[in-house]
Amino acid sequence: MGRSLIKLICIFFILITIFTSQAASQSDECESESNSSCNNKSAALPLKLIAIASILVTSMIGVCLPLFSRSIPALSPDRNLFIIVKAFASGIILATGFMHVLPDSFDMLWSPCLTENPWHKFPFTGFVAMLSAIFTLMVDSIATSLYTNKNKAGIIPEGQVADEAAVTTTQGRFHGHHHGPKIGTEGSQLLRYRVVAMVLELGIVVHSVVIGLSMGASNNICTIKPLVAALCFHQMFEGMGLGGCILQAEYKFLKKALMVFFFSVTTPFGIALGIALSKTYKENSPTALITVGLLNASSAGLLIYMALVDLLSADFLGPKLQGSIKLQIKSYVAVLLGAGGMSLMAKWA
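Definitions and cut-offs
- Residue numbers restart at each chain and count upward from 1, following the sequence in its written direction.
- Two thresholds apply to this predicted model, a pLDDT of at least 70 for residue-level local features and 80 or more for giving and counting side-chain atom pairs, whereas whole-chain, interface and lining totals are computed over all residues.
- Excluding hydrogens and water, the side-chain figures rest on all heavy atoms present in the structure.
- Numbering goes from the N terminus for both helices and strands, where a helix is a DSSP run of H or I of at least four residues and a strand is a run of E of at least two.
- Whether two residues touch is decided by their heavy atoms; if any such pair falls within 4.5 Å, the residues are in contact.
- Calculation of accessible area relied on Shrake-Rupley with a 1.4 Å probe; when residues are assessed, cover is drawn exclusively from the protein chains displayed.
- Axes here mean lines fitted to C-alpha atoms, for a helix over just the part in contact, with angles spanning 0 to 180 degrees between N-to-C directions.
- Angles below 35 degrees are treated as roughly parallel, those above 145 as roughly antiparallel, those between 65 and 115 as roughly perpendicular, and all remaining angles as oblique.
- Amino acids outside the nonpolar list (Ala, Val, Leu, Ile, Met, Phe, Trp, Tyr, Cys, Pro) and the charged list (Asp, Glu, Lys, Arg) are all regarded as polar, and Gly is one of them.
- Under the pairing criterion, centres of Phe, Tyr and Trp rings, with the six-membered ring standing for Trp, must be within 6.5 Å; the plane angle then separates stacked pairs below 30 degrees from edge-to-face pairs above 60, leaving the rest tilted.
- The span expected for a helix works out to 1.5 Å for each residue beyond the first.
- Fitting axes to the seven residues that end at a residue and to the seven that start at it, the angle between those axes gives the bend at that residue.
- Burial status follows relative accessibility: with a 1.4 Å probe on protein chains alone, a residue under 20% of its type maximum counts as buried, one over 50% as exposed, and anything between as partly exposed.
- In protein, a polar contact requires one atom able to donate a hydrogen and another able to accept it; more generally it is a pair of N or O atoms within 3.5 Å, and residues adjacent in sequence count only if both atoms are side-chain atoms.
- When a carboxyl oxygen of Asp or Glu lies within 4 Å of a side-chain nitrogen of Lys or Arg, that pair is called a salt bridge.
- We call a set of buried Ala, Val, Leu, Ile, Met, Phe, Trp, Tyr and Cys residues a nonpolar core when their side-chain atoms join them within 4.5 Å.
- The crossing is said to be left-handed when, going from far helix to near helix, the turn is anticlockwise and less than a right angle, and right-handed when the turn is clockwise.

### Side note on the overall build of the protein chain
Scanning the protein chain from N- to C-terminus turns up 11 helices and 0 strands. Mapped from its N terminus to its C terminus, the protein chain presents α and β elements in the order α-α-α-α-α-α-α-α-α-α-α. By sequence separation, contacts in the protein chain at least 24 residues apart represent 86% of the contacts at least 6 residues apart. Accessible area for the protein chain stands at about 17,000 Å²; split by element, carbon and sulfur atoms hold 69% of it.

### Overview of the packing of helix α2 (residues 41–64) against helix α8 (residues 253–276)
Where α2 meets α8, the closest approach of the two axes is 8 Å, and the angle between their N-to-C directions is 170 degrees. Taken together, α2 and α8 sit at an angle that is classed as roughly antiparallel. The segment α2 lies against α8, with Leu45, Lys48, Ala51, Ile52, Ile55, Leu56, Ser59, Met60, Val63 and Cys64 engaging Val260, Phe263, Ser264, Val265, Thr267, Pro268, Ile271, Ala272 and Ile275. When grouped by side-chain class, the residues that make up the contact of α2 with α8 number 15 nonpolar, 3 polar and 1 charged.

### A few points about the packing of aromatic side chains
Overall, the coordinates contain 7 aromatic pairs when judged by the stated rule. When the centroid spacing of 5.2 Å and the interplanar angle of 75 degrees are considered together, the rings of Phe88 and Phe237 count as edge-to-face. Of this pair, Phe88 sits in helix α3 (residues 80–109) while Phe237 sits in helix α7 (residues 221–249), placing them 149 residues apart in sequence. Pairing Trp119 with Phe124 gives two aromatic rings, centres 4.7 Å apart and planes at 45 degrees, and the pair type is tilted.

### Side note on α8
The terminal C-alpha atoms of α8 lie 33 Å apart, and with 24 residues this matches the ideal 34 Å at 1.5 Å per residue to within 8%. At Thr266, α8 shows its maximal bend, which comes to roughly 35 degrees, and the proline Pro268 appears one to four places after that position. Within the span of α8, buried status applies to Met259, Val260, Phe262, Phe263, Ser264, Thr266, Thr267, Pro268, Gly270, Ile271, Leu273 and Gly274.

### Quick notes on the side chain of Ser299
By secondary structure assignment, the location of Ser299 is in helix α9 (residues 286–316). Of the polar contacts made by the side chain of Ser299, one reaches the backbone oxygen of Gly203; its length is 3.5 Å. Discounting chain neighbours no more than four positions away, the residues touching Ser299 are Val101, Gly203, Val206 and His207.

### A closer look at the environment of Val335
Within the element layout of this structure, Val335 appears in helix α11 (residues 325–345). For Val335, a relative accessible area of 11% gives the class buried. Spatially, the C-alpha atoms of Val335 and Ile93 are 9.9 Å apart, while their sequence positions differ by 242 residues. Residue contacts for Val335: discarding those within four places in its chain leaves Ala87, Phe88, Gly91, Leu312 and Phe316.

### Points about the pattern of salt bridges
One side chain can pair with another of opposite charge once the charged atoms of both are near each other. Under the counting rule described, the total for this entry stands at 3 salt bridges. A salt bridge links Asp315 to Lys86; its shortest N-O distance comes to 3.4 Å. In this pair, Asp315 is assigned in helix α9 and Lys86 in helix α3, connecting sequence segments 229 residues apart. Each of Asp140, Arg192 and Asp310 takes part in one network of salt bridges that share partners.

### Some points on the nonpolar core
Counting 42 residues, the largest nonpolar core has Val63, Leu200, Leu242, Ile246, Tyr251 and Met306 as its most contacted members. Broken down by secondary-structure element, the contributors of at least two residues to this core are α2, α3, α4 (124–150), α6 (173–217), α7, α8, α9 and α11. Here this core gets 10 residues from one element, more than from any other, and that element is α9. Excluding its chain neighbours within four sequence positions, the residues that come into contact with Leu200 are Ile93, Leu242, Cys245, Leu303, Met306 and Leu311. With 16 residues, the next largest nonpolar core counts Met108, Trp119, Val292 and Leu295 among its residues.

### Thoughts on the packing of α3 against α7
Interhelical geometry of α3 versus α7 gives an angle of 125 degrees and a closest axis separation of 8 Å. Relative to α7, the element α3 is oriented oblique. Between α3 and α7 lies a crossing whose hand is left-handed. Residue-level contacts link Phe82, Val85, Lys86, Phe88, Ala89, Ile92, Ile93 and Thr96 of α3 to His234, Phe237, Glu238, Met240, Gly241, Gly244, Leu247 and Gln248 of α7.

Rendered as structure tokens:
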């Protein structure tokens, strides 16, 4: 499953490079950049380089923090604090879909630079976001079914295999008979965590490259300055949400490292790609608007589905939160704080 995700991400990188190159070739199709005092290419380049470094560091910190939380008892996955922090990060992911990615897609696909027919005659953003959510459900459901059938014996988290074998040897046949269903239940839950982590990573990678591309191609220093701070905040806390999912998925070290790597480098990669194409890439060209707008719509549908169904709903309707009204209230406050903070960031990013 990890290899499949890596292949999908690599294919996405290739496609986004091809599409952005095509967009660059149509730079004269619509209005050129404004000649305002904010457009300063020489001053924008150092800001972009600072953005690459700062976003890379904050992304790594955000996604790695949950992975090292096992050394902190209060932040272990079975503690209340971990649930609250995860709810906060889930609120950020939800607001990213609703307040950042989806509105950007609406703006792009309703741009006056696009022809009236068909782009202004049909709400493509909502349609593509809806299809993306349905497709994510299909992937979520089918992947779970396939891997459940493939692993009918159950998946045992790393580190527990040796312990289970030792206890089974000590207690004989009775232990194997008595605890068999429990291992199967834990394996099924672990499988869900793995599917969620993979699909969430894919959605985040898509919109992170698009965000980075927009920043890298822009020479407007008035928007780049606040955007750097906003994206650092965004990447850190979105990384915390993804890192929590990776932690619960109990991957081996190599898979964890690969997922951390792809999350951390996607936005800097997008910025670098935007810088490379900044001479010819025009964000108002029809091809650029359509390509990025549709990618944003599909990413928004995926992120909204993942946040509501696989993160928030799974936790709030799970046994731990259902067993404590007090913990539910704290988690709801955390969701509202995360969503509210990210919504506020929409003023600058």
